[in-house]
Amino acid sequence: MATQIDLSTWQRAEHFTFFKDLANPYFSVCVRIDAGSLFAACKQSGQSFYLACLYALLRANNSYQPVCHRIDNNQIWLCDKIEINAVQFDEQNLFKISYLPYAEDFADFSEKGKIAFETAISQPFFSEQFNSIEGRLNCIHVSVLPWLDFTGFSHATPFGEQNGIPKFVFGKFDKQLGTMPLNIDVHHGLMDGFHVAQFVNVLQQEMAALAKSLL
């Protein structure tokens, strides 16, 4: 479900008008996030660190309204429940994309996530599941580069894409520092750097809360 935003009263209407017709209206930020406590909690409790990161990211997206805006036919919509299209790798290190629905409880999210991963890996890239989830506006796109401690990132973007779906990429976790890089790619007509900074704070809070709940 989504609610249409009234552009005549929306405070970002002028910003949206300015950015929406640019060749590339998206901007990308790479930050280091503190994930040490969550990694330790997952290791101690036997939980998947990747699924834990996805769950915290899902919670943060649903907790911070600016990242829930999307674009459809030059109109702005506020999505009610954000869900995830996530990347995982098969035995040949070919990535597949799975759909992880919204869940309030981490145990429920983790169980469904494991099933979604197994399903995606067992099917071709252009599977029925892929076709059914591609283009959903209430999703975020999440990838992972567990081999690289990157400081910059650029995304492959379809020509003329204007839906405003945020993209996130987790990098290599540094066990000594307890941190890892996170790339955040958003539409500048919907969010500014201030909003990205606020979102990162929310994400850190969600990661800390999840770590505490797992112990």
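Quick note: structure is the one above.
These remarks concern the structure in this document. (Residues numbered from 1 in each chain as written. Predicted model: local features only at pLDDT ≥ 70, side-chain atom pairs only at ≥ 80, totals over all residues. Heavy atoms only, no water.)

Let us now look at the overall build of the chain. A count of helical and extended segments in the chain gives six helices and nine strands. The globule rule puts the C-alpha radius of gyration for 215 residues at 17 Å, and the 17 Å found for the chain is close to it. Taken along its principal axes, the extent of the C-alpha atoms in the chain is 50 × 35 × 30 Å. Counting all 215 residues of the chain, 47% fall into the buried class. Within the chain, counting contacts between residues at least 6 apart in sequence, those at least 24 apart form 73% of the total. (Helix = DSSP H or I, 4+ residues; strand = E, 2+ residues; numbered from the N terminus. Rg over C-alpha atoms; globule rule 2.2 N^0.38 Å. Buried < 20%, exposed > 50% of the residue type's maximum accessible area, 1.4 Å probe, protein only. Contact = heavy atoms within 4.5 Å.)

Attention now moves to the side chain of N61. Within the element layout of this structure, N61 appears in helix α3 (residues 49-63). Reaching out from N61, the side chain makes a polar contact with the backbone oxygen of L57 at a distance of 2.9 Å. Here N61 is in contact with V67, C68, I82, I140, F168 and F199, once residues within four sequence places are set aside. (Polar contact = N/O pair within 3.5 Å; in protein donor to acceptor, adjacent residues only side chain to side chain.)

We now examine the environment of P25. Residue placement: P25 occurs in the loop between α1 (13-19) and β2 (26-34). The spacing of P25 and E118 is 93 residues in sequence and 35 Å in space, taken between C-alpha atoms. Contacts of P25, omitting those with residues within four sequence positions, involve F19, Q162, V186, H187, H188 and G189.

The next point concerns the packing of helix α2 (residues 36-45) against helix α6 (residues 193-214). Packing of α2 against α6 brings their axes to within 8 Å, and their N-to-C directions diverge by 25°. Relative to α6, the element α2 lies roughly parallel. The handedness of the crossing between α2 and α6 is left-handed. Counted together, S37, L38, A41, C42 and S45 of α2 and M207, L210, A211 and L214 of α6 form the full contact between these two elements. Residue classes in the contact of α2 with α6 are distributed as seven nonpolar, two polar and no charged. (Axes fitted to C-alpha atoms, helices over the stretch in contact; angles between N-to-C directions. Parallel < 35°, antiparallel > 145°, perpendicular 65-115°, else oblique. Left-handed = near helix turned anticlockwise from the far one by under 90°. Nonpolar A, V, L, I, M, F, W, Y, C, P; charged D, E, K, R; others polar.)

If you look at the biggest cluster of nonpolar residues, it comprises 57 residues, and the most contacted ones within it are L38, L54, F109 and F170. Considering every element that reaches this core, the biggest residue donor is α3, with eleven residues. (Core = buried A, V, L, I, M, F, W, Y, C linked by side-chain atoms within 4.5 Å.)

So, on to the sheet that holds strand β4 (residues 75-79). Strand order in the open sheet formed by three strands is β1-β4-β3, and the pairing between neighbours is antiparallel. Each edge of the open sheet is held by one strand with a lone partner, namely β1 (2-4) and β3 (69-72). Taking each pair of neighbouring strands and ignoring which way they run, the sheet shows an average axis angle of 35°. Relative to β4, β3 runs antiparallel, the two being bridged by four bridges. Bridge pairing links I71 to I76 in β4. (Pairing = 2+ DSSP bridges.)

Further remarks concern the pairing of strand β7 (residues 139-144). In this sheet, β7 lies alongside strand β5 (residues 83-89) in parallel orientation, the contact comprising four bridges. Looking at the pairing, N85 lines up with H141 of β7. Where β7 lies against strand β8 (residues 167-170), four bridges are found, and the strand directions are parallel. Looking at the pairing, V144 lines up with F170 of β8.

Attention shifts here to α2. Among all positions in α2, only L38, A41 and C42 are buried. The buried residues of α2 occupy one face: seen down the axis, they fall within an arc of 100°. In α2, the exposed positions angled more than 90 degrees off the buried face are occupied by K43 and Q44. Buried-residue contacts for α2 involve α3 and α6. Positive phi appears at G46, one or two residues downstream of α2, with a value of about 75°. (Arc of directions from axis to C-beta.)

Before going further, it helps to spend a moment on the environment of E83. Following the sequence through the fold, E83 ends up in strand β5. Distance from E83 to D185, taken between C-alpha atoms, is 16 Å for residues 102 residues apart in sequence. The contact partners of E83, leaving out residues within four places of it in the chain, are L58, Y99, L100, P101, Y102, R136, N138, C139 and I140. From its side chain, E83 meets the backbone nitrogen of Y102 in a polar contact 3.2 Å long.

Scope: geometric values only; no functional claims are made or implied.
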